[in-house]
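Structural features, examined
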2 protein chains.
Amino acid sequence: MTKKNAFYAQSGGVTAVINATAAGVIEAIRKSKKIGKLYAGLNGINGALNENLIDTSKETPKNITKLKHTPGGAFGSCRYKLKSYQDNPAEYERILEVFQAHNIGYFFYNGGGDSQDTANKISKLCIERDLNIKCIGIPKTIDNDLPYTDTCPGFGSVAKYIAVSIAETGLDVKSMSSSSTKVFILEVMGRHAGWIAAAGALAKRKPDDSPHIILFPEVCFNQEIFLKQVNLSIKKYGFCTIVASEGLKNKNGNFLSDSGLKDAFGHTQLGGVAQRLTNIIKEKQGYKCHYAIADYLQRSARHIASETDLNQAYSLGFEAVKLAENNKNAVMPTIIRKQNTPYKWKIGSISLSKVANIEKKMPRSYISSNGMYITKKCYEYLYPLIQGEATQPFKNGIPEHCSLKNILVKKKLKKFSLNQ
Amino acid sequence: MTKKNAFYAQSGGVTAVINATAAGVIEAIRKSKKIGKLYAGLNGINGALNENLIDTSKETPKNITKLKHTPGGAFGSCRYKLKSYQDNPAEYERILEVFQAHNIGYFFYNGGGDSQDTANKISKLCIERDLNIKCIGIPKTIDNDLPYTDTCPGFGSVAKYIAVSIAETGLDVKSMSSSSTKVFILEVMGRHAGWIAAAGALAKRKPDDSPHIILFPEVCFNQEIFLKQVNLSIKKYGFCTIVASEGLKNKNGNFLSDSGLKDAFGHTQLGGVAQRLTNIIKEKQGYKCHYAIADYLQRSARHIASETDLNQAYSLGFEAVKLAENNKNAVMPTIIRKQNTPYKWKIGSISLSKVANIEKKMPRSYISSNGMYITKKCYEYLYPLIQGEATQPFKNGIPEHCSLKNILVKKKLKKFSLNQ
């Protein structure tokens, strides 16, 4: 009997370590006696829809190793969420058609909540049709908002980046504050969950260390209390550093970044939350402010990635293949925390039906009573995730990244039009 | 004869390696048979004006070593430019009074062009008054705009940060571009000189590598040519990454960041250049854009500092003391490039009167003919400066920084009011 092949796709926003997960999947399959080739989707699930399958067997072992220190998504990712089968059966039929045409018996979908949901839906369909295709979700999201796993690969490295960045910029502001900038705001990602913002607190060792204020999307912004806290920090330490989540909302539930700015033509312009906070502080308190917007810097900063995060990302990819080899279906490998100090973890697994469409926000017990910092409980949870510095080779002063050949498999089917 | 003491002050915006220069000064003076104690100004030259002198002899050798991996300014810096003696004699008199009260015979001023000018003015005054005080400037500026030195400490580390950051974010954007963000803009410092923006080009090894466009303050922004280049890049590579200098100006000489945005009260709001470029691209081309504003992140990122820069920063501090010991006055130690590959450099020196008030901008021969990239000549100049990764110790996942005791010397004079 011919061995069945596998299909792997990256989904949604990429991370500093998603390619480590890809390396885990590829290396496990290369060792597998049960699974044939691994095809990766060019640009995620669109690779399946368009029959753009990358033959990963054409890549050298050396380049696969290099994936572990290459940020971004090596095969391309995409922002594309499949509708339900009822709403768009053609897409599901097409995916199954492509899977069958290329003898695919294993589907690994590497993404956040939406991707786990999609993997679950495809799994159900395969069972209904009596197709022997194992569907395994692999967690990935810097937002850290997947349930049933201690953490999500990608998050630990963003957390480390944010903590290191606010520690360093905090020292900068501290030294300038007597005559210049008194307030510094670091705007970080997290539309709905404040995990990334919370990680800033890992920089603090002494009371005057940065950050002094953390603003979460889970806590409604209260301008009065905020400005009081800014003043307090400046009075105590001479300066104030703030980590602000882009998803910060006011009491009406609107994003604070929806600032009401209009350009010369009267068009509303979306500023960032840092810009908005800066304007408030300048207008109400007159302090000199600076802000940085970390944007993609934070999720691609492989150069300061967490070794713990990198190891977990790789292991989840590797173990996802093991689950498939052991005939598991519609599951996602997870991280189980065994102990805190020193941090010990192992790989578990959970049914996709349980994971799908649940968003794990910061529990209230992780946020301090004034809503602008984390609690000890949160610190205990977070600090293990940034431990270890994931090394990487440099060449001419710049990190060495791999560039895959990404050779496509010959197509067997007719062209497919998306949204047909 | 009692040994004369020395005074050291940090000036202007701090860098990832200015404390390494401080370490060089301190360690050289600790070895000196000629110079007594080293007092550091609390918050730069304001420390002299207010007689806030930090006794660096109270710090442990271990903490001085730690300065080499601590960003920011360990004694505080300030943005304060002394007027001419004619315009404000009181400040000069006060500085000399403080120097004499504390038996200071050596003045080390660590800063950019303005600071070299101040050091020069004080030196002239000391000569006029027949005071035996040696005034030595020590270069520091991320802007890399001091003349007569191959480079300025602080710049190489910012350059490395920018190159690494655009390499990493470029991979992120590349992997998302088929269905999401197509254009990414990294806004970097440099109000008048484009050296920092230029450093982004060090990330490029292959044609599709980031960045695809660099925007300099030296080149007037041409919207039409810019948008054409964005389109070209997207057509060729599927995405476009841009490093934009905050000092980018339009043909009328106005900053592009002066965007004409007004808030709800009709107040003009200053956006950043990245935000402005994003709005132009969205409006004219409709591409999905993202931008990051590096702000203080870039100049405090000791975790990715250039080893070359760090070594130069330390050596310039150390050799500044040697110059003083050798009775040199009104000079600044410089970096002399001996050869390019491998980069070899030595310390030279230049008269402060030559350095003061000259701003070294990017020569036109360093900018490509279309005004949106660097030339090979510029690359040859830049790449040695980011070589080597300056290591640093980590503790619990975060870089270990030092925190000095900063014990002040007992005051001997009456209080001084600034701008009296």
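Residues numbered from 1 in each chain as written. Chains lettered and ligands numbered in written order. Predicted model: local features only at pLDDT ≥ 70, side-chain atom pairs only at ≥ 80, totals over all residues.

Digging into the overall build of chain A
For the record, the criterion: Each helix is a run of H or I in the DSSP string that is no shorter than four residues. Each strand is a run of E no shorter than two, and both are numbered from the N terminus. Atoms counted for the radius of gyration: C-alpha only. Globule rule: 2.2 Å times residue count to the power 0.38. Exposed residues have 12 or fewer other C-beta atoms within 10 Å of their own C-beta, buried residues have 20 or more, and residues in between are partly exposed; the C-beta atoms are placed from the backbone. We call two residues in contact when the distance between their C-beta atoms, placed using the backbone, is within 7 Å.
Of regular secondary structure, chain A possesses 13 helices and 15 strands. Its C-alpha radius of gyration of 23 Å places chain A within 12% of the 22 Å reference for a compact globule of 420 residues. For chain A, the spread of C-alpha atoms along the principal axes amounts to about 75 × 50 × 45 Å. Within chain A, buried positions represent 60% of all 420 residues. The long-range share in chain A, meaning contacts at least 24 apart out of those at least 6 apart in sequence, stands at 76%.

Some words on the relation of the copies chain B and chain A
So the rule is basically this: Residues below a pLDDT of 70 in either copy are left out; the C-alpha atoms of the rest, at least 70 in both, set the least-squares superposition of the copies.
At an RMSD of 0.0 Å, chain B and chain A line up after a rotation of 180° and a shift of 0.0 Å along the axis. Considering both components of the superposition, the chain copies are consistent with a two-fold axis. Scanning chain B for the C-alpha nearest the rotation axis identifies Ile293(B), at a separation of 2.4 Å. A shared binding surface is used by both copies, with 100% of the interface residues of chain B retained as interface residues in chain A.

Considering the domain arrangement of chain A
Residues and elements named next belong to chain A. Definition in use: Domain start and stop points were drawn from an automatic or database domain assignment. Think of it as three bins: nonpolar holds Ala, Val, Leu, Ile, Met, Phe, Trp, Tyr, Cys and Pro, charged holds Asp, Glu, Lys and Arg, and polar takes everything else, Gly as well.
Split by domain assignment, chain A resolves into domain 1 (4-141 + 303-356 + 391-399) and domain 2 (155-300). If you average the C-alpha positions of domain 1 and of domain 2, the two centres end up 34 Å apart. Class assignment for the residues of the side of domain 1 that touches domain 2 results in five nonpolar, six polar and one charged.

Details of the environment of Asn5(A)
All names here are of chain A. By the secondary structure assignment, Asn5 is in strand β1 (residues 4-10). Judged by C-beta crowding, with 21 C-beta atoms within 10 Å, Asn5 ranks as buried. Put simply, Asn5 and Pro71 are 66 residues apart on the chain and 26 Å apart in space, counted from C-alpha to C-alpha. What Asn5 contacts, discounting residues up to four positions off in sequence, is Gly36, Lys37, Tyr39, His102, Asn103, Ile104 and Gly105.

Focus: the pairing of strand β5 (residues 134-139) of chain B
Residues and elements named next belong to chain B. As a reminder of what qualifies: Note on pairing: DSSP must find at least two bridges between two strands before they are called paired. For a crossover, the right-handed case is the one in which the path from the first strand over the helix to the second runs clockwise, viewed with the strands pointing away from the viewer.
By the criterion of burial, β5 is predominantly enclosed, with six of the six residues buried. Pairing between strand β4 (residues 104-111) and β5: six bridges, direction parallel. Considered in β5, the bridge of Phe107 is made with Cys135. With helix α5 (residues 113-128) bridging β4 and the parallel β5, this β-α-β connection has right-handed handedness.

Focus on the interface of chain B and chain A
Contacts between the two partners involve 63 residues from chain B, matched on the other side by 63 residues from chain A. Listed by contribution, the elements that provide at least two residues to the side of chain B that touches chain A are α6 (155-176), β9 (261-262), β11 (289-293), α10 (295-300) and β15 (398-399) of chain B. Among the elements that take part in the side of chain B that touches chain A, α6(B) stands out by supplying 13 residues, more than any other.

As for unusual backbone geometry
Residues and elements named next belong to chain A. The peptide bond linking Thr341 to Pro342 adopts the cis configuration, its omega dihedral lying at -5°. For Pro342, the location among the structural elements is in the loop between β12 (331-339) and β13 (344-351). The phi angle at Asn406 is positive, at roughly 50°, despite the residue not being glycine. Here Asn406 is to be found in the segment after β15 (398-399).

A few points about the packing of helix α1 (residues 18-31) of chain A against helix α11 (residues 307-325) of chain A
Residues and elements named next belong to chain A. Where we set the bar: Lines fitted to the C-alpha atoms define the axes, with helices restricted to the stretch that makes contact. Angles between their N-to-C directions range from 0 to 180 degrees. Less than a right angle of anticlockwise turn of the near helix away from the far helix marks a crossing as left-handed, whereas a clockwise turn marks it as right-handed.
For the pair α1 and α11, the least separation of the axes is 7 Å and the interaxial angle reads 35°. Seen along the crossing, α1 lies across α11 with a hand that is right-handed. On α11, the residues that touch Ile18, Ala20, Thr21, Ala22, Ala23, Gly24, Val25, Glu27, Ala28 and Ile29 of α1 are Leu310, Ala313, Tyr314, Ser315, Leu316, Gly317, Phe318, Ala320, Val321 and Lys322.

Remarks on the pairing of strand β1 (residues 4-10) of chain B
All names here are of chain B. For β1, the tally of buried residues reaches six of seven residues, placing the bulk of the element in the interior. Summarising the sheet, β1 and strand β2 (residues 35-41) pair through four bridges and their orientation is parallel. Within the sheet, the bridge partner assigned to Phe7 lies in β2 and is Tyr39. Crossover handedness for the path β1 to helix α1 (residues 18-31) to β2: right-handed.

Describing helix α8 (residues 223-237) of chain A
Residue and element names in this part refer to chain A. Spelled out, the test is: Every helix has an expected span of 1.5 Å times one less than the residues it contains. Along the arc lie the directions from the helix axis toward the C-beta atoms.
With 15 residues, α8 should reach 21 Å at 1.5 Å per residue; the first-to-last C-alpha distance of 21 Å fits that figure. Regarding α8, the residues found buried are Phe226, Val230 and Ser233. On an axial view of α8, the arc spanned by its buried residues comes to 65°, and they lie on one face. In this structure, α8 carries Glu224, Ile225, Lys228, Lys235 and Lys236 as exposed residues pointing more than 90 degrees from its buried face. Buried positions along α8 lie against β6 (183-188), β7 (213-215), β8 (240-245) and α9 (273-285).

Remarks on the confidence of the model for chain A
Rules: The pLDDT score gives, residue by residue, the confidence of the prediction method on a 0 to 100 scale.
For chain A, the mean per-residue pLDDT works out to 95, and 96% of the residues sit at or above 70. Two summary scores accompany this predicted model of the complex, namely pTM at 0.97 and ipTM at 0.97.

What to know about helix α11 (residues 307-325) of chain B
All names here are of chain B. Under the 1.5 Å per step criterion, the end-to-end length of α11 is 27 Å for 19 residues, consistent within 8% with the ideal 27 Å. Within α11, 15 of the 19 residues are buried, which leaves it mostly tucked inside the rest of the structure. One or two steps after α11, the chain reaches Asn327, where phi turns positive at roughly 65°.

Some points on the environment of Val173(A)
As for its position among the elements, Val173(A) is in helix α6 (residues 155-176). The exposure class assigned to Val173(A) is buried, which follows from the 26 C-beta atoms found within 10 Å. Residues within four places of Val173(A) in sequence aside, it is in contact with Thr181(A), Phe184(A), Phe239(A), Thr241(A) and Tyr296(B).

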